[in-house]
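Commentary on secondary and tertiary structure
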Amino acid sequence: MTPEATLTLRAPLRQRVDASTVAWATLTGLMATEIGAQKAWVEGEGSARLGDLFDIRGAPAPRIRLVGDLALLDGIGTGLAAGEIVVEGDAGWHLGRGMSGGLIEVRGNVGPHAGAAEPGAKRGITGGEIIVRGSAGRQLGAGLRRGLIVVEGDADAGAGRAMLAGSIVVFGRIGPDPGLWSKRGSIVAFGALTPPTSYRYACTYRPPHLSVTLTYLKARRGVPITPERLTGLYRRYSGDLAELGAGEILAWIP
Amino acid sequence: MRVRGVAIEDTFAEAFTMRVARVIITAGSLRWAREAALKMTGFATSVIGCKCEAGIERALTEAETPDGRPGISVLLLTLSKDDLSQRLIERIGQTVLTCPTTSCFDGLPEAAERVRVGSALRLFGDGFQGSKVIGGRRFWRIPVMEGEFLVEEKFGLQKGIGGGNFLILASTADAALAAAEAGVNAIAGVPGVILPFPGGVVRSGSKVGSRRVKGMIASTNDAFCPTLRVVTTTALPETVNSVLEIVVDGTDVDAVSRALRLGIEAACGDGVVAISAGNFGGKLGPHHFYLRRIMSAEAMAS
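What you see as residue numbers is a count from 1 along each chain, following the sequence as written. Labels follow written order: the first chain is A, the first ligand is 1, and so on. Restriction of local features to residues with pLDDT of at least 70 applies here, the model being predicted, together with a cutoff of 80 or more for giving and counting side-chain atom pairs; totals for whole chains, interfaces and linings are based on all residues. To get the side-chain values, all heavy atoms of the structure are used, and hydrogens and water are removed first.

Moving on to the overall build of chain B. In terms of regular secondary structure, chain B is built from seven helices and 17 strands. All radius of gyration figures rest on C-alpha atoms, and the globule criterion is 2.2 Å times the number of residues raised to 0.38. The C-alpha radius of gyration of chain B comes to 21 Å, within 12% of the 19 Å expected for a compact globule of 302 residues. Judged by the C-alpha coordinates and their principal axes, chain B covers about 65 × 50 × 30 Å. Looking at chain B as a whole, 52% of its 302 residues qualify as buried. Two residues form a contact once any of their heavy atoms are found within 4.5 Å. Considering only residue pairs separated by 6 or more positions, chain B has 74% of its internal contacts joining residues 24 or more positions apart. As presented, chain B carries roughly 13700 Å² of accessible surface, and 53% of it is formed by carbon and sulfur atoms. Secondary structure follows DSSP: runs of H or I at least 4 residues long count as helices, runs of E at least 2 residues long count as strands, and numbering of each begins at the N terminus. Exposure categories follow from relative accessible area, calculated using a 1.4 Å probe and restricted to protein chains: below 20% of the type maximum is buried, above 50% is exposed, and the middle band is partly exposed. All accessible-area figures derive from a Shrake-Rupley calculation using a 1.4 Å probe, and residue coverage is judged against the displayed protein chains alone.

Moving on, we come to the pairing of strand S10 (residues 129-132) of chain A. Residue and element names in this part refer to chain A. Burial of the side chains of S10 extends over both faces: Glu129 and Ile131 are buried on one face and Ile130 and Val132 on the other. Sheet analysis places strand S9 (residues 103-106) next to S10, joined by four bridges and oriented parallel. Each residue of the ladder has a partner; that of Ile104, found in S10, is Ile130. In terms of strand pairing, S10 meets strand S11 (residues 148-151) through four bridges, oriented parallel. Here, a strand pair is defined by DSSP locating no fewer than two bridges between the strands.

The subject of this paragraph is the nonpolar core. Nine residue types can take part in a nonpolar core, namely buried Ala, Val, Leu, Ile, Met, Phe, Trp, Tyr and Cys, and a core is a set of them joined through side-chain atoms within 4.5 Å. Within the largest apolar cluster, 56 residues are counted, with the highest numbers of intra-cluster contacts made by Phe54, Leu66, Ile76, Ile85, Leu95 and Leu140 of chain A. In this view, Phe54 of chain A contacts Leu7, Thr8, Leu9, Arg10, Leu70 and Leu73 of chain A; residues no more than four positions away in its chain are not counted. Core analysis: the second largest hydrophobic core is formed by 36 residues, Ile161, Ala170, Val272 and Ile275 of chain B among them.

Counting residues at the interface gives 15 residues for chain B and 16 residues for chain A. The buried area of a pairing is the accessible area, by a 1.4 Å probe, that goes missing from both parts when the two are put together, added over both. Across the interface of chain B and chain A, roughly 1200 Å² is buried in total on both sides, 64% from carbon and sulfur atoms. When a carboxyl oxygen of Asp or Glu is within 4 Å of a side-chain nitrogen of Lys or Arg, the pair counts as a salt bridge. Our count for the chain B to chain A interface comes out at one salt bridge. With its nearest N and O atoms 2.8 Å apart, the salt bridge here joins Glu248 of chain A to Arg141 of chain B. In protein, a polar contact means a hydrogen-donor-capable atom and an acceptor-capable atom, both N or O and within 3.5 Å, with residues adjacent in sequence counting only if both atoms are side-chain atoms; elsewhere, any N or O pair within 3.5 Å suffices. Linking chain B with chain A are eight residue pairs in polar contact (both at pLDDT 80 or more).

What follows concerns the packing of helix H1 (residues 30-40) of chain B against helix H3 (residues 81-96) of chain B. All names here are of chain B. The geometry of H1 relative to H3 is characterised by a closest axis approach of 9 Å and an angle of 135° between their N-to-C directions. The angle between H1 and H3 places the two elements in the oblique class. As for the relative orientation of H1 and H3, their crossing is right-handed in sense. In this structure, H1 uses Ala36, Lys39 and Met40 to contact H3, whose residues at the interface are Leu88, Arg91, Ile92, Thr95 and Val96. Nonpolar residues are Ala, Val, Leu, Ile, Met, Phe, Trp, Tyr, Cys and Pro. Charged residues are Asp, Glu, Lys and Arg, and all others, Gly as well, are polar. Here the contact of H1 with H3 is composed, by residue class, of five nonpolar, one polar and two charged. Helix axes use the C-alpha atoms of the stretch in contact, all axes being lines fitted to C-alpha atoms, and the angles between their N-to-C directions lie in the range 0 to 180 degrees. When describing relative orientation, an angle under 35 degrees is termed roughly parallel and one over 145 degrees roughly antiparallel, while 65 to 115 degrees is termed roughly perpendicular and anything else oblique. Each crossing is labelled by how the near helix is turned from the far one, with a counterclockwise turn of less than a right angle marking it left-handed and a clockwise turn marking it right-handed.

With that settled, consider the packing of aromatic side chains. Residue and element names in this part refer to chain A. Each Phe, Tyr or Trp ring (for Trp, its six-membered ring) is paired with any other whose centre lies within 6.5 Å, and the angle between the two planes then decides the class: stacked below 30 degrees, edge-to-face above 60, tilted in between. Under the criterion given, the structure shown has seven aromatic pairs over all chains. Centroid distance Phe190 to Tyr234: 6.1 Å. Interplanar angle 70°. Geometry classified as edge-to-face. Within this pair, whereas Phe190 is found in the loop between strand S13 (186-189) and strand S14 (200-205), its partner Tyr234 is found in strand S15 (residues 234-239), the two being separated by 44 residues in sequence. Side by side, Phe190 and Tyr234 carry an identical accessibility label, which is buried.

It is worth spelling out the sheet that holds S15 of chain A at this point. All names here are of chain A. Spatial ordering of the open sheet is given by S5-S1-S6-S8-S9-S10-S11-S12-S13-S16-S15-S14, a layout of 12 strands whose pairing is mixed. Edge positions in the open sheet fall to strand S5 (54-57) and S14, since each of these has one partner strand only. Along the sheet, successive strands turn relative to each other by an average axial angle of 15°, direction set aside. In terms of strand pairing, S11 meets strand S12 (residues 167-170) through four bridges, oriented parallel. In the sheet register, Ile149 faces S12, and the bridge partner there is Ile168. Running at roughly 70° to S10, helix H3 (residues 208-221) makes contact with S9, S10, S11, S13, S14, S15 and strand S16 (247-252) of the sheet.

So, about the environment of Thr126 of chain A. Residues and elements named next belong to chain A. Turning to its location among the elements, Thr126 is positioned in the loop between S9 and S10. Along the backbone, Thr126 and Pro60 are 66 residues apart, and their C-alpha atoms lie at a distance of 26 Å. Those residues in contact with Thr126 that lie beyond four places of it in its chain are Met99, Ser100, Arg145 and Arg146.

It is worth spelling out the sheet that holds strand S7 (residues 73-74) of chain A at this point. Hydrogen bonds between backbone groups are what pair the strands of a sheet, and the pairing can be parallel or antiparallel. All names here are of chain A. Strand order in the open sheet made by the four strands is S4-S3-S2-S7, with mixed pairing throughout. The open sheet has two edge strands with one neighbour each: strand S4 (46-49) and S7. Note: strand S2 (residues 17-18) against S7, two bridges, orientation parallel. Directly across from Asp18, in S7, lies its bridge partner Asp74.

Attention now goes to the state of the cysteines. Simply put, disulfide is the name for a covalent bond between the sulfur atoms of two cysteines. Residue and element names in this part refer to chain B. In this description, the term disulfide denotes a pair of cysteine sulfurs within 2.5 Å. Applying the stated criterion to the full structure yields zero disulfides over all chains. The thiol of Cys52 is unpaired, and the distance to the nearest cysteine sulfur, on Cys50, comes to 6.8 Å. Residue Cys52 is classed as buried on the basis of its relative accessible area of 0%.

In this section: the confidence of the model for chain B. Within chain B, residue pLDDT values average 95, and 98% of them lie at 70 or more. Taken together, the chains of this predicted complex give a pTM of 0.94 and an interface ipTM of 0.94. pLDDT is defined as a per-residue confidence score from the predictor, taking values between 0 and 100.

Glancing now at the packing of helix H5 (residues 173-187) of chain B against helix H6 (residues 253-267) of chain B. Packed helix pairs are specified by the crossing angle of their axes together with the interaxial distance, meaning the distance between the axes. Residues and elements named next belong to chain B. With their axes 7 Å apart at the nearest point, H5 and H6 run at an angle of 145° to one another. You can see that H5 and H6 cross each other, and the crossing is right-handed. Taking contact as the criterion, the partners of Ala179, Ala182, Gly183, Ala186 and Ile187 in H5 are, on H6, Ala259, Leu262, Gly263, Ala266 and Ala267.

To continue, consider unusual backbone geometry. Glycine aside, the phi torsion of most residues is negative, and most peptide linkages are trans. Residues and elements named next belong to chain A. Residue Asp240 is reached from Gly239 by a cis peptide bond, and omega for that bond is -5°. By the secondary structure assignment, Asp240 is in the loop between S15 and S16. For Trp181, which is not glycine, the phi dihedral falls at a positive 65°. Residue position: Trp181 is located in the loop between S12 and S13. The class for Trp181 is partly exposed, based on a relative accessible area of 41%.

Take the pattern of salt bridges next. Residues and elements named next belong to chain A. This structure, assessed with the given rule, holds 28 salt bridges over all chains. Measuring nitrogen to oxygen at the nearest pair gives 2.6 Å for the salt bridge that ties Glu88 to Arg107. Linking Glu88 in strand S8 (residues 84-88) with Arg107 in the loop between S9 and S10, this pair joins segments that are 19 residues apart in sequence. Here the residues in one salt-bridge network are Glu4, Arg63, Arg65, Glu84, Glu88, Glu105, Arg107, Arg133 and Glu152, joined through shared partners.

Quick look at the structure:
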């Protein structure tokens, strides 16, 4: 079992907390007191120490485990380059902002802009993996440059908007305009989805790279992949044809 | 030393250091993975004339492959790293890329040394190709008429061993062949080894150089040819009328030793007079597999 440091929320959050100021990329190498000294920004109150918000045990460790309802905690995993962050519950906005490597697993729902570009920027995460066991808010993986984002539930509007490369896999329903303005990259849909009008149907086939992705997710990330999905047929839509047109939406045929 | 009455000669097999890659070919069914593997490993018996040595290592189950499909593991060996890269590009490009339903993966992902393969083959995609990074490994997607061909960007390589061998000295050609078949069957599926010759068996063992042709790399091993018994310095006992060789290439000394041990043990049957081995006096190859030591290990193990 991977050694881990556990950060348990001391009391329910009452307002949004911006944790993008936390040095998530170095957190795995820090002692509990050093993690506790990291600063976050509490809406309406100002700066707060992580140690004031969380009870911290077990550091340093290659895995950071966050426990509690963190739907109001934004910017978890900002700048992560290696190591693992596991969120035992919901997570807030801008999960994995500026991430280039490592793994973030959310065992609940995640708010808008997970893995997405920062406001005003073109590029989302440039590497690593985000696994969401619940559902994701709007603009999931917008501007995604590289990396893999998996959502076992639904994804709201604008998933993969203007993505540049990488893969987004959604097991539930996908909201309006997935992959709009994308240049490259793959959106894999196991649930209901309507491709944007700037995408065109290409063919029905078994994408070989998807077999590798799904086999990897099943073996290494515990994602429930059924044999039907592994060996099934997918409708390929190419787009966004208003952009480079080298992207794709792969819609599983149940 | 004797194994079931068959003399094990006090000699050794002399083998060489080579560079080896493991290629995993998967397909929609084991049949098509095997079709690609057979083509890929065709005309790859000896570096002397084929520029590489290759063979099927074993079949893989769905649980053992990167894409959850049945597959075949192939080992390909050359004398240098540059040769290995070129042979992989040529052979995967002509035999795996062309074969229906196949994908092609690196079977030595932990190896430190790597050669580019998919990144060269991607050019067949004529600008329509794309790549995916999955679990830290980059794959190229090359559009083809059937759909897509998926090939890993880089393949690992490591030092391997070529030319492990043993000779079956038999009273008749039929007995030699039966013993060779038994030996091949015993080695089949041993991890880390291949038998690069037809059916795993060689009838034309060679010596270095030639008596007559200057510059010739290899010529017939006259000392082990029964028809030449009275016109050359023979290595054959009176009762031997046919000799066959099993050549074993592998990823490491332990794998080759294990294969030789299993093969010799199985080959010691009716009509076999002795087991010998091919060497060059120990001056050319750094790996020496002493038959009696190998079989003593078997005796100790059993």
